[in-house]
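Given next are the chains, with one letter for each unit.
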Amino acid sequence: MKKQYKEWINEALKRSYVKYLLILFAGLALGWLFFHSSDSKDKAETTAKKEVHEHKHTIWTCSMHPQIKMDKPGQCPICGMDLIPLKDSGSSSDSSATIDPNAVQLSEEALALANVQTSIVGNDNRAKDLRLYGKIQPDERLMQSQTATVSGRVERLWVNFTGESVRKGQTLASVYSPEIYTAQQELLEAARMSNSQQKAYLLDAAREKLRLWNLTDQQIAAIEKSGKTSPIVEIKATTSGKVIAKQVNKGDYINQGSVLFQIADLSRVWAVFQAYEGDLPFLKPGNKIDFTLQAIPGKVFSGKVSFIDPVINPSTRTAGIRVEINNSDGKLKPEMFVTGNVKASLAKSKDQLVIPQSAVLWTGKRSVVYVKTPGTSVPTFTLREIELGPSLSGAYVVLSGLASGEEIVTNGAFAIDASAQLDGKQSMMNQDKPENKKTNSMPGMDM
């Protein structure tokens with residue numbers, strides 16, 4: 001009996017130990033679950049508060065519609081694009097006393113999203129590539145008008161079409177002229193006179209009259225020798241070349257001095273290019289021009305500028321640029337189109353400041369750039385008005401407003417200017433100070 005009692009007591013003790021152990025483990029489990037969930041909740045609340053705090057300090061805008069300004073991320077109500085952070089108002093650690101009140105500060109993230117790029121201003125001797133268009137024209141110094149020396153009727157044309165070649169002394173036309181017939185009669189009458197003194201005087205006068213009508217001494221001598229007169233006079237060419245204009249037909253009545261033909265010597269021609277007045281500072285006599293013609297593909301001609309027209313064409317706003325070309329082989333024909341290229345530099349702009357064209361914002365009368373303020377922990381940019389000189393290949397010469405070594409925005413300047421407009425600061429569209437522009441803010445901009 002006693003032995004059974006002891007066994008029962010031992011069994012009861014074993015069951016109590018197991019019960020206490022189970023209670024202990026259950027308590028530990030409940031404590032872990034309670035405190036762990038509380039810590040996670042606290043961490044989540046801390047993270048959410050931090051994000052809300054960050055969002056409160058960030059202005060969000062649309063890259064396509066900068067007038068949209070919101071205090072939290074989302075989508076543009078106009079185009080549906082995701083908004084981008086424009087400015088962190090609580091991130092600046094720079095002293096307000098050292099920063100221009102019109103300066104624009106952007107976070108690094110905003111600069112990256114807007115693809116803002118900067119470059120250092122420096123001196124450059126960059127040349128400008130000019131493309132010029134023009135035509136082949138005859139050398140005006142080698143052109144002559146063939147005129148009628150007498151009045152009368154054209155009996156025959158020995159040159160009948162434009163483009164025909166003629167040589168000096170060649171007969172161009174035969175003209176019936178009563179005046180020539182009368183003058184020849186006077187010559188023969190003077191030759192028949194017996195009074196030697198009066199005869200010599202009248203004979204010289206008759207000969208000179210025929211010379212004025214462009215008859216040669218040989219022709220006059222032939223008339224005196226034969227004693228025959230003729231009302232037909234031949235008009236001779238005074239130069240060799242090509243007929244570029246024919247202004248008379250057989251049977252026409254003409255007056256003394258009437259132009260019958262235009263003859264040009266095409267052994268030398270002009271390539272006349274048209275240059276806009278903005279390109280004229282880069283051109284000067286002696287510049288080399290390489291040009292091509294559609295009629296002669298694959299061949300590049302070269303020449304030097306020999307003359308620049310001093311007068312601007314009021315219709316095209318261009319001036320003629322002349323290049324003299326040797327055309328002994330006759331391949332270059334008047335009115336052929338030519339395309340020229342010249343690499344020219346502006347002598348007055350050597351070693352001057354040069355900036356990319358993408359850096360300049362135009363406002364009509366003004367040209368402005370954004371200059372990066374050095375020594376700031378947050379990227380800071382200030383609007384500055386500059387004076388530009390001639391344009392180069394993808395660049396401008398700066399006459400005033402910038403100094404060598406300054407850093408300017410070369411890409412993304414519009415995004416920075418949009419931020420300035422949103423903040424009511426000086427921008428390309430507004431020259432006023434913020435205090436003078438309190439009533440000029442766009443409606444709906446204040447959030």
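A few points on the structure. Only a predicted model underlies this, so the values are computations on that prediction, with no experimental measurement involved.

Some words on the overall build of the protein
Phase 1 of the analysis: Helix and strand counts for the protein come out as 6 helices and 26 strands.
Phase 2 of the analysis: Within the protein, the proportion of its 447 residues that are buried is 34%.
Phase 3 of the analysis: Here the analysis covers contacts within the protein between residues at least 6 apart in sequence; of these, 68% occur between residues at least 24 apart.
Phase 4 of the analysis: Taken as a whole, the protein presents about 27100 Å² of accessible surface, with 53% of it coming from carbon and sulfur.

With respect to empty space enclosed by the protein
Phase 1 of the analysis: Tallied over the entire structure, the rule returns 1 cavity of 30 Å³ or more.
Phase 2 of the analysis: Among the residues making up the lining of the largest cavity, the classes are represented as 3 nonpolar, 2 polar and 2 charged.

Things to note about unusual backbone geometry
Phase 1 of the analysis: At Arg317, a residue that is not glycine, the phi angle is positive and equals roughly 55°.
Phase 2 of the analysis: Tracing the sequence through the fold places Arg317 in the loop between β18 (296-308) and β19 (318-326).
Phase 3 of the analysis: Even without being a glycine, Glu335 presents a positive backbone phi close to 80°.
Phase 4 of the analysis: With respect to the element layout, Glu335 can be found in the loop between β19 and β20 (337-344).
Phase 5 of the analysis: On the basis of relative accessible area, Glu335 is assigned to the partly exposed category, the value being 47%.

A look at the packing of aromatic side chains
Phase 1 of the analysis: Tallying each qualifying case throughout the model produces 3 aromatic pairs.
Phase 2 of the analysis: Taking the centre distance of 5.6 Å and the plane angle of 15° together, the rings of Phe291 and Phe301 count as stacked. Of the two residues, Phe291 is situated in strand β17 (residues 288-293) and Phe301 in strand β18; the sequence distance between them amounts to 10 residues. Residues Phe291 and Phe301 agree in their burial class; the two are buried.

Some words on the sheet that holds strand β16 (residues 268-276)
Phase 1 of the analysis: With respect to topology, 6 strands assemble into a closed barrel ordered β7-β16-β19-β18-β17-β20, the strand pairing being antiparallel. The mean inter-strand angle of the sheet, taken between neighbouring strand axes irrespective of direction, is 40°.
Phase 2 of the analysis: As paired elements, strand β7 (residues 128-138) and β20 share 8 bridges and run antiparallel to each other. Bridging across to β20, Leu130 finds its partner in Val342.

Quick notes on the nonpolar core
Phase 1 of the analysis: Core analysis: the biggest nonpolar cluster contains 30 residues, and Leu215 and Phe261 have the highest contact counts within it.
Phase 2 of the analysis: Taken together, the elements giving at least two residues each to this core come down to β9 (152-157), β11 (171-176), α3 (178-192), α4 (196-212), α5 (217-226), β12 (232-236) and β15 (259-264).
Phase 3 of the analysis: When residues of this core are assigned to their parent elements, the largest contribution, 5 residues, is made by α3.
Phase 4 of the analysis: In this structure, Ala264, Leu266, Phe273 and Met336 belong to the second largest nonpolar core, which totals 29 residues.

Things to note about the packing of α3 against α5
Phase 1 of the analysis: Contact geometry for α3 and α5: axes closest at 10 Å, N-to-C directions at 60°. With respect to each other, α3 and α5 are oriented oblique. For the element pair α3 and α5, the recorded crossing hand is right-handed. When α3 is examined against α5, the residues Gln184, Leu187 and Leu188 are found in contact with a partner set consisting of Ile220, Ile223 and Glu224.

Rules used in this analysis
- Residues numbered from 1 in each chain as written.
- Predicted model: local features only at pLDDT ≥ 70, side-chain atom pairs only at ≥ 80, totals over all residues.
- Heavy atoms only, no water.
- Helix = DSSP H or I, 4+ residues; strand = E, 2+ residues; numbered from the N terminus.
- Buried < 20%, exposed > 50% of the residue type's maximum accessible area, 1.4 Å probe, protein only.
- Contact = heavy atoms within 4.5 Å.
- Areas by Shrake-Rupley, 256 points an atom, 1.4 Å probe, with all protein chains shown as cover.
- 1 Å grid on protein atoms, 1.4 Å probe; cavity = no way out; pocket = protein on both sides within 12 Å on 5 of 7 lines; lining within 4 Å.
- Points joined across faces, edges and corners; volume = space filled by probe spheres on them.
- Nonpolar A, V, L, I, M, F, W, Y, C, P; charged D, E, K, R; others polar.
- Phe/Tyr/Trp six-rings, centres within 6.5 Å; stacked < 30°, edge-to-face > 60°.
- Pairing = 2+ DSSP bridges.
- Axes fitted to C-alpha atoms, helices over the stretch in contact; angles between N-to-C directions.
- Core = buried A, V, L, I, M, F, W, Y, C linked by side-chain atoms within 4.5 Å.
- Parallel < 35°, antiparallel > 145°, perpendicular 65-115°, else oblique.
- Left-handed = near helix turned anticlockwise from the far one by under 90°.

Just geometry here; none of it tells us what the structure is for.
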